Amino acid sequence: MSDQNDKLKQLKTSSMDRRFSIAKASLLAGTRWAASNASTLFSSEEEKERKRKKAMKEQAEYLVAEIGKLKGSIVKIGQMMALYGEHFLPVEITQALNTLNNQTVALAWPAIKQHLALQLGSKLDELTIDHEPIGTASLAQVHRATRKSDGLELVLKIQYPGVAEAIDSDMSLFKNMLKLTRMVPQTREFDQWFDEVREMMHREVDYAVEAATTRRFAERLQDDERYVVPEIVDYFCSDRVLCMTFERGVPINSPVMLSLPQDRRNRLGEASLEIAVREIFEWGEMQTDPNFGNYLVRLGDGQAQVDKIVLLDFGAIRQFDQQLLRVARQLITAGYNHNIDQMVDAMTDYPFFEGMPASIKPDMAKVFLLATEAFSSIENNPDLPPGVMDAHQRYDWKKSQLHSRVMQRASKSMASRYFSIPPKEFMFISRKFIGAYTFMTVIEAKTNVRKMITPFI
């Protein structure tokens, strides 16, 4: 954690200050961008493209550095645009926005304590709170605490002051920034995604919704020893503070994970994917943020005590309508059967695919079949790469390089232009599965996914 002197004493929440800072930076970036384009007037096409990419990268990095100074919701907006905006933002901008994840600076304890006193009043005296946060993010930071009466270990997720109230103005600020720079095409799809990000932002700062969702998932998983969900402690909650039990665990990418025996890693990998499958087939709602920071692993002893996945964050929950759920289930079932005709039939049940030429659909279906190859079997999938699945139907996630193969197939597909801006609901689901796939790849799991998914088909 950074030194106290590196922490922010307060957030810049004045809309006028924030608007002026971004407007000034945007105009400067836009002027530089226009000047760069003018300087290539007599260059070759190849040289123009090289200079264009270089200039966009430089201006994007400059803008992101300015955004990072403001903190709060505008940083979270940038992070969301990096996560979901790859289909309508230039790659140079998404790459720059991705660095916002590394720029979060904690708010100093005196400011946090003052905010807590306003939120919890005299209840604050019932807690011993660590002044140093155990986690910082763009909208909140997390502090460990102990309840004095019984020593219960807790965590307080403390939303930064003024963040919720600044969302709409920051959204407008961010959109105007992109317009002023003239680096991003203003399209209907861009506007729709921007509205979606706005809705996600408002859901993320609604701690009452997050608390209710946490309880729902805890109830669903209470009899499954493979998962741990923190318990919400209402007494210390408020509109801007979420209190829950402190749950121990190690990060997914911790070196200790790879030291576990293969069979333990396999079971953890299967459990990570089963959550996504149950969200689609049983619950109809999904935690759509695949960030590894939202998970820990509580290690067992390899015998009586099983390894458990600790589910930490339920702020990015998305409910899906029945039509989308039906289509998603049919797509997974078609992948399970490795049947291209069944995959095409499943696609035709959703509006996004209806306007697509019939000649294109089989090509897109092949991309979906590849993405779901772990659900197939050696017997029904002759396209499985050698050695990726063993005789026990265990899929080797690290060896498979599935994500990169899917991306390559999609980019070369005749249907590639239809992948350019997919429906946002499909993006959320694909992000969740990519997160589970990455989980299994990082811990080098080999899982019988087919056996796990069979009861749902």
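Above: the structure in question.
What comes next is a walk through the structure. (Residues numbered from 1 in each chain as written. Predicted model: local features only at pLDDT ≥ 70, side-chain atom pairs only at ≥ 80, totals over all residues. Heavy atoms only, no water.)

### A word on the overall build of the protein
- Assigned secondary structure in the protein consists of 18 helices and twelve strands.
- Of all 457 residues assigned to the protein, the portion counted as buried reaches 51%.
- For the protein, the share of sequence-separated contacts (at least 6 apart) that also reach a separation of at least 24 residues comes to 70%.
- Surface accessibility of the protein: about 21,300 Å² in total, with carbon and sulfur atoms responsible for 52%. (Helix = DSSP H or I, 4+ residues; strand = E, 2+ residues; numbered from the N terminus. Buried < 20%, exposed > 50% of the residue type's maximum accessible area, 1.4 Å probe, protein only. Contact = heavy atoms within 4.5 Å. Areas by Shrake-Rupley, 256 points an atom, 1.4 Å probe, with all protein chains shown as cover.)

### Details of the nonpolar core
- Formed by 128 residues in total, the largest nonpolar core has its most connected members in Leu 116, Phe 174, Leu 273 and Phe 433.
- Looking at this core, the element that brings in the most residues is helix 10 (residues 262-283), giving nine residues.
- Sequence-distant contacts of Leu 116, that is, excluding residues within four places in its chain, are made with Trp 109, Gly 121, Leu 124, Ile 129, Leu 156, Ile 158 and Val 241. (Core = buried A, V, L, I, M, F, W, Y, C linked by side-chain atoms within 4.5 Å.)

### With respect to the packing of aromatic side chains
- Tallying each qualifying case throughout the model produces seven aromatic pairs.
- Measuring from ring centre to ring centre gives 4.9 Å for Tyr 235 and Phe 236, while their planes differ by 85°; the resulting arrangement is edge-to-face.
- On the accessibility criterion, Tyr 235 (41% relative accessible area) is partly exposed.
- Between Tyr 395 and Trp 397 the ring centres are 4.7 Å apart and the planes differ by 70°, which places this aromatic pair in the edge-to-face class.
- Trp 397 sits in the buried class, given a relative accessible area of 1%.
- Through a chain of ring-to-ring contacts, three or more aromatic side chains come together here, namely Tyr 395, Trp 397, Phe 433 and Tyr 437.
- Seen from the ring of Tyr 235, Lys 123 lies directly overhead, with NZ or CZ sitting 4.5 Å from the centre.
- The ring centre of Phe 246 lies 4.0 Å from the NZ or CZ of Arg 144, which sits over that ring. (Phe/Tyr/Trp six-rings, centres within 6.5 Å; stacked < 30°, edge-to-face > 60°. Lys NZ or Arg CZ within 6 Å of the ring centre and 35° of its normal.)

### Concerning the side chain of Arg 278
- Assignment of secondary structure puts Arg 278 in helix 10.
- If we ignore the near neighbours within four places in the chain, the residues touching Arg 278 are Arg 220, Leu 221, Asp 224, Trp 283 and Phe 456.

### Section: the pairing of strand 6 (residues 241-245)
- A large share of strand 6 lies buried, amounting to five of its five residues.
- Where strand 4 (residues 153-159) lies against strand 6, five bridges are found, and the strand directions are antiparallel. Across the sheet, residue Val 155 finds its bridge partner in strand 6, namely Met 244. (Pairing = 2+ DSSP bridges.)

### Here we look at the packing of helix 12 (residues 340-347) against helix 14 (residues 361-371)
- Helix 14 packs onto helix 12 with a crossing angle of 105° between their chain directions and a minimal axis gap of 9 Å. What the angle tells us is that helix 12 and helix 14 run roughly perpendicular. Facing Ile 340, Met 343, Val 344 and Met 347 of helix 12, the residues of helix 14 in contact are Lys 361, Pro 362, Met 364, Ala 365, Lys 366, Phe 368 and Leu 369. (Axes fitted to C-alpha atoms, helices over the stretch in contact; angles between N-to-C directions. Parallel < 35°, antiparallel > 145°, perpendicular 65-115°, else oblique.)

### Brief notes about the side chain of Glu 373
- For Glu 373, the position within the fold is in the loop between helix 14 and strand 11 (395-396).
- In this structure the side chain of Glu 373 is engaged in a polar contact, spanning 2.5 Å, whose partner is the side chain of Tyr 395.
- If we skip the residues at most four places from it in the chain, Glu 373 touches Asn 381, Leu 384, Pro 385, Val 388, Met 389, Tyr 395, Leu 402 and Arg 405. (Polar contact = N/O pair within 3.5 Å; in protein donor to acceptor, adjacent residues only side chain to side chain.)

### Points about unusual backbone geometry
- Its identity as a non-glycine residue notwithstanding, His 338 has a phi of 45°, on the positive side.
- Looking at where His 338 falls in the secondary structure, it is placed in the loop between helix 11 (322-337) and helix 12.
- Even without a glycine there, the phi angle at Glu 444 is positive, about 55°.
- When you line up the elements, Glu 444 lands in the loop between helix 17 (424-442) and strand 12 (446-447).

### Let's talk about helix 8 (residues 207-221)
- Compared with an ideal rise of 1.5 Å per residue, which puts 15 residues at 21 Å, helix 8 spans 21 Å between its outermost C-alpha atoms and is within 8% of the ideal.
- Among the residues making up helix 8, those that are buried are Tyr 207, Glu 210, Ala 211, Thr 213, Thr 214, Phe 217 and Leu 221. The buried side chains of helix 8 occupy one side of the element, clustering within an arc of 165° when seen end-on. Residues Ala 208 and Glu 219 are exposed on helix 8 and point more than 90 degrees away from its buried face.
- The N-capping residue of helix 8, defined by a side-chain oxygen 3.3 Å from the backbone nitrogen of Ala 208, is Asp 206. (Expected span 1.5 Å × (residues − 1). Arc of directions from axis to C-beta.)

### As for the sheet that holds strand 8 (residues 295-298)
- Pairing is mixed in the open sheet, where three strands are placed in the order 5-9-8. Both outer strands of the open sheet, strand 5 (227-228) and strand 8, are each paired with one neighbouring strand and no more.

### A look at the pattern of salt bridges
- Taken as a whole and judged by the stated rule, the model has 23 salt bridges.
- In this structure, Asp 168 engages Arg 198 in a salt bridge whose closest nitrogen and oxygen atoms are separated by 3.3 Å. You can see Asp 168 sitting in helix 6 (residues 163-181) and its partner Arg 198 sitting in helix 7 (residues 188-204), a full 30 residues away along the chain.
- In this structure Asp 168 comes out as partly exposed when scored by relative accessible area, which is 37%.
- Note that Glu 279 is salt-bridged to Lys 432, the shortest N-O span being 2.7 Å. Of this pair, Glu 279 sits in helix 10 while Lys 432 sits in helix 17, and the two are 153 residues apart along the sequence. (Salt bridge = Lys/Arg side-chain N within 4 Å of Asp/Glu carboxyl O.)

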